[in-house]
Amino acid sequence: MSIRFADLAASPLQKLNSAFLEQADIQLYIKRDDLIHPQFGGNKWRKQKYNLIHASEQNFDTLLTFGGAWSNHIYATAAAARHFGFNSIGIIRGEKHTPLNATLSFAESCGMQLHYVSRTEYRKKHEAAFLQDLRQQFGEVYILPEGGSNALALKGCEELVQEINHEIDRPFNVICCASGTGATLAGLVKALNPEQSAIGFSALKGGEFLHDEVRNFLGDDPQTSNWHIETAYHFGGYAKIDNKLINFMRQFQLQYGFALDAVYTGKMFYGLFDLIKNKHFKPGSTIVAVHSGGLQGNKGFGL
Ligand SMILES: *Cc1c(COP(=O)(O)O)cnc(C)c1O
């Protein structure tokens, strides 16, 4: 099996224009990773790319991974597996509910085999013994961790910065992304030069834990301090939403012409606009925000 990426172009970089940004004297660009591919775009694709190349080089024909019932990663893995000719197995947290929700029925329509495990079992997803059991049960499978977050994932996210550097006419000062495991942020940080900085907006309550996660992903790299986590924009926790967030997302779409997802990018843009409003950034700054996709998850909220 060989992986051919020729049909996947770099994602566009789009400048946002509004009176708000003009008054704040901020140049804001959006890296539209949501447009890479209708089904497996976003940061999940960035994280998968080098994993799929590696899996293919090692002659694996089946991918196995983990996720919740509305997981963007399950959705993207199922779609990418079908596109590139892998079999796929999804280990799903919790009980099976029929009819399947939109995410899981899409995954199944891509040929993904779904296996449900209890929440207690699911917590063992990083344990060697549990992974060994899965290999025994399913044979020679290439295991992607939850969210696709591993060392090879960082490499795909580094590429995102390299793409931006080609697309933009001046170096950016700050890059922003939404954070769940911190792998995307770590990949971005690796590709920055020391004058640039990165902000990860935590999609989870208690986002302070992401500092250590990002450090772990960065591993032996010289420890950099040109990044931080914004922990105040979680809206009550992972996948929690309220009217303030939904109204912001509606306004945003009306004004700028594209949709955000409620779990990650809606919260990031809310936070970023709040920071801009509060003059967190030097006037004249150039900021890039990554639209990491995830729009399929909006169905879980009836959006
Ligand atoms: C998974 C996901 C993230 C979080 O990425 P991490 O690498 O886990 O921090 C951000 N945005 C979207 C849309 C996602 O699906």
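Below: a short report on this structure. (Residues numbered from 1 in each chain as written. Predicted model: local features only at pLDDT ≥ 70, side-chain atom pairs only at ≥ 80, totals over all residues. Heavy atoms only, no water.)

## Remarks on the side chain of H37
With respect to the helices and strands, H37 occurs in the loop between β2 (27-32) and α2 (42-57). Overall, the relative accessible area of 15% leaves H37 in the buried class. Beyond its immediate chain neighbours, meaning those up to four positions away, H37 contacts L8 and H83. (Helix = DSSP H or I, 4+ residues; strand = E, 2+ residues; numbered from the N terminus. Buried < 20%, exposed > 50% of the residue type's maximum accessible area, 1.4 Å probe, protein only. Contact = heavy atoms within 4.5 Å.)

## A look at the site of the ligand
Around the ligand sit 15 residues in total, of which K44, N72, T181, T184 and S292 are the nearest. Residue K47 places a side-chain N or O atom 2.8 Å away from an oxygen atom belonging to the ligand. In this structure, G180 approaches the ligand through a main-chain N or O atom, which is 2.8 Å from an oxygen atom. Protein burial of the ligand: of its 390 Å² of free accessible surface, 97% is covered by the chains. A per-element tally of the shell around the ligand places α2 first, with three residues. When its residues are assigned to classes, the shell around the ligand shows three nonpolar, ten polar and two charged. There are two domains that each give the shell around the ligand at least three residues, and those are domain 1 (13-40 + 150-301) and domain 2 (42-148). (Near = heavy atom within 4 Å. Polar contact = N/O pair within 3.5 Å; in protein donor to acceptor, adjacent residues only side chain to side chain. Areas by Shrake-Rupley, 256 points an atom, 1.4 Å probe, with all protein chains shown as cover. Nonpolar A, V, L, I, M, F, W, Y, C, P; charged D, E, K, R; others polar. Domains from an automatic or database assignment.)

## Notes on the nonpolar core
What tends to happen in soluble globular proteins is that the nonpolar side chains get buried as a cluster. Counting 33 residues, the largest nonpolar core has L28, C176, F252, F269, L272 and F281 as the members making the most contacts within it. Put simply, the parts of the chain that give this core at least two residues each are β2, β7 (174-179), β8 (197-202), α10 (243-256), α11 (265-277) and β10 (286-291). Other than its neighbours up to four places away in sequence, F252 contacts L16, G257, F258, L260, F269 and F273. Counting 27 residues, the second largest nonpolar core, distinct from the first, contains A78, L100, L104 and C110. (Core = buried A, V, L, I, M, F, W, Y, C linked by side-chain atoms within 4.5 Å.)

## Notes on the packing of helix α8 (residues 183-191) against helix α9 (residues 210-218)
For the pair α8 and α9, interaxial distance at closest approach is 9 Å and the crossing angle is 55°. With respect to each other, α8 and α9 are oriented oblique. Every pair of crossing elements has a handedness; the one defined by α8 and α9 is right-handed. Here α8 contributes A183, L185, A186, V189 and K190 to the contact with α9, which in turn contributes V214, F217 and L218. The residue makeup of the contact of α8 with α9, split by class, is seven nonpolar, no polar and one charged. (Axes fitted to C-alpha atoms, helices over the stretch in contact; angles between N-to-C directions. Parallel < 35°, antiparallel > 145°, perpendicular 65-115°, else oblique. Left-handed = near helix turned anticlockwise from the far one by under 90°.)

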